[in-house]
Amino acid sequence: MHPSAHQDTFARDNLPAPELWPELLLQGFDYPARLNAAVELTDAMVARGFGDNTALIGNGRRRTYKELTDWTNRLAHALVDDLGVKPGNRVLIRSANNPAMVACWLAATKAGAVVVNTMPMLRAGELVKYIEKAEIQFALCDTRLMDEMALAAKDSAFLKTVVGFDGTSNHDAELDRLALEKPVSFDAVDTAQDDVALLGFTSGSTGDPKATMHFHRDLLIIADGYAREVLGVRPSDVFVGSPPLAFTFGLGGLAIFPLRFGAAATLLETASPPNMIEIIEKYRATVCFTAPTAYRAMLRAMEDGADLSSLRAAVSAGETLPAPVYDEWQERTGKPMLDGIGATEMLHIFISNRFDDHRPACTGKPVSGYEAKVVGPDGTELPRGEMGRLAVRGPTGCRYLRGEKQAAYAVDGWNITGDTFVQDADGYFHFAARNDDMILSAGYNIAGPEVEAALLAHDAVAECAVIGAPDAERGEIVEAHVVLGAGLDGDAAMVKTLQEHVKAVIAPYKYPRSIVFVETLPKTATGKVQRFRLKG
């Protein structure tokens, strides 16, 4: 590894042992030894002539690349000069999606800090887990979200400095006032390309969250790989989406990708489908990142006259993309929906469909630089057409803080993602289920998402989630939790209708023997259905 610029060596000291890393395939991703990702996304963009381009849109304001560069440099001065942030210190940021959060992340990265972005809905008890695990010393918090942050800091042995910033456009909080008088130039810390820049905590459904460790170069790799090859991002693009910036999917799609190519990002604190539709129409957004559930709502809105014709790229991730949603989007817009799969451990999407190479109910092929295969329990590659665990490797890879459970994820140089896939004879990858979402019923392996897709093909079904429910006779049975369309009754006749429909669409043994009608499904902030909560 290159000599670190970190004075606080916690991050490098707590990387997993090198022999536990997955193999990294870095060919084609050539960066200088000294690299600061935040400089590349701001000052370097101004130097390349993008200073007057719009970088961020949010809370009623547009900010150019020059304004964003000046803003982040002033903030970086405040962090270093007034708060005493040293290279390698961990800095937690607590905010909804807004330009100020992006500015704080970039400023802390320029100062050489290791950033931990967090969601506004986290409570003190959850924040404490992050603080203790990453030994976080500094927190930058939107003043509107300070209560839980203050509770988390109250008795912390690590977190000693909590400073508020104004997430609105008013710039009326302590950090903003500190930055106001600072110079607009800042000598960013000369970090190494393999200095840790970001800790991404996994959004695991249960248990203790693990922190994944990402280098400065990783932040650029996902743009120079996926965003360049698959999305073909150009300066005229306007990005919109729902995933929180606290998750690497959101940070990539709504900050790194647009900023790397001189494009604009629109940021919504409440990214409901109606709000996203409004933004798409107002700013003629071209690239959207969200989950299939939101795309279904957009399709219904288009029936009512919503104009989403500006979108050239609709990226779906976070949940499996049902074929009916893919088909209807293509039929209505004439453009494919780009399904893909990523992981916090890998930072972003590593298998994806392309504009000119896409199929329904298919995740696509590996992004340039990545390799993937389907393996059995012993790690050997399975024949095409057989269901098994997905293994992937490429220029990014899993490194858990302190090597926690590293050996379970990185096996023989490959990242074992926790997903069950099939690779077909043509080399395309098809998602079956998360490994723990496979249902074993009377000796049959049944993938819950396949049953969900069958149910969603029926006009009566608005949303659904399928789980395995304990059964004395069959071990497990397929149980579907179904949200019906408006005005429909969840009675015995509807149960029978849906069961017969599934039997007609896929193999009859996969039909849901139990159907539970519900008003809503439990979801994470990124739109993932929390199936574990349905098993309670």
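Residues numbered from 1 in each chain as written. Predicted model: local features only at pLDDT ≥ 70, side-chain atom pairs only at ≥ 80, totals over all residues. Heavy atoms only, no water.

Description of the nonpolar core
Step number 1: If you look at the biggest cluster of nonpolar residues, it comprises 88 residues, and the most contacted ones within it are Trp105, Leu140, Leu175, Leu231 and Phe257.
Step number 2: With sequence-adjacent residues up to four places away left out, Leu140 is seen in contact with Leu79, Leu83, Val91, Leu92, Ile93, Arg94, Cys104, Val163, Phe165 and Leu175.
Step number 3: Within the second largest apolar cluster, 30 residues are counted, among which are Ala139, Met149, Phe201 and Ala246. (Core = buried A, V, L, I, M, F, W, Y, C linked by side-chain atoms within 4.5 Å. Buried < 20%, exposed > 50% of the residue type's maximum accessible area, 1.4 Å probe, protein only. Contact = heavy atoms within 4.5 Å.)

Quick look at helix α7 (residues 146-153)
Step number 1: All of the buried residues in α7 are Met149, Ala152 and Ala153. Seen from one end, α7 has its buried residues packed into an arc of 95 degrees, which puts them on one side. Along α7, the residues that are exposed and aim more than 90 degrees away from the buried face are Asp147 and Leu151.
Step number 2: For α7, the elements touching its buried residues are β3 (90-94), α6 (124-134), β5 (138-142) and β6 (161-165). (Helix = DSSP H or I, 4+ residues; strand = E, 2+ residues; numbered from the N terminus. Arc of directions from axis to C-beta.)

Describing the sheet that holds strand β24 (residues 475-484)
Step number 1: Taken together, three strands build an open sheet; the order of strands is β23-β24-β25 and the sheet is mixed. Either end of the sheet is taken by a strand with one partner, and the two such strands are β23 (461-471) and β25 (514-517). Going across the sheet, the axis of each strand differs from the next one's by a mean of 25 degrees, ignoring polarity.
Step number 2: Note that β24 and β25 share four bridges and pair parallel. Opposite Val482, over in β25, you have Phe517 as the bridge partner.
Step number 3: On top of the sheet, helix α15 (residues 448-456) reaches β23 and β24; it is set at about 140 degrees to β23, its chief contact.
Step number 4: Seen against the sheet, helix α16 (residues 492-505) touches β23, β24 and β25 and runs at an angle of roughly 125 degrees to β25. (Pairing = 2+ DSSP bridges. Axes fitted to C-alpha atoms, helices over the stretch in contact; angles between N-to-C directions.)

Focus: the sheet that holds strand β11 (residues 287-290)
Step number 1: Strands sit in the order β2-β1-β10-β9-β11-β12-β13-β14-β15 across an open sheet of nine strands; the sheet is mixed. The open sheet is flanked by β2 (61-64) and β15 (365-366), the only strands paired with a single partner.
Step number 2: One ladder, built from two bridges, connects strand β14 (residues 349-352) with β15; its direction is antiparallel. For Ser352, the partnering residue across the bridge sits in β15 and is Lys365.

Here we look at unusual backbone geometry
Step number 1: The residue Glu135 is not glycine, and still its phi comes out positive at about 50 degrees.
Step number 2: Position of Glu135 relative to the elements: it lies in the loop between α6 and β5.
Step number 3: With relative accessibility at 25%, the residue Glu135 sits in the partly exposed group.
Step number 4: Of note in the backbone geometry, Asp412 takes a positive phi value of approximately 55 degrees without being a glycine.
Step number 5: Accessibility expressed as a relative area gives 68% for Asp412, which makes it exposed.

Re the side chain of Thr417
Step number 1: Looking at the secondary structure, you find Thr417 in strand β19 (residues 414-423).
Step number 2: Beyond its immediate stretch of four places on either side in the chain, Thr417 contacts Phe350, Leu390, Val392, Tyr409 and Arg434.

These figures come from the coordinates and say nothing about function on their own.
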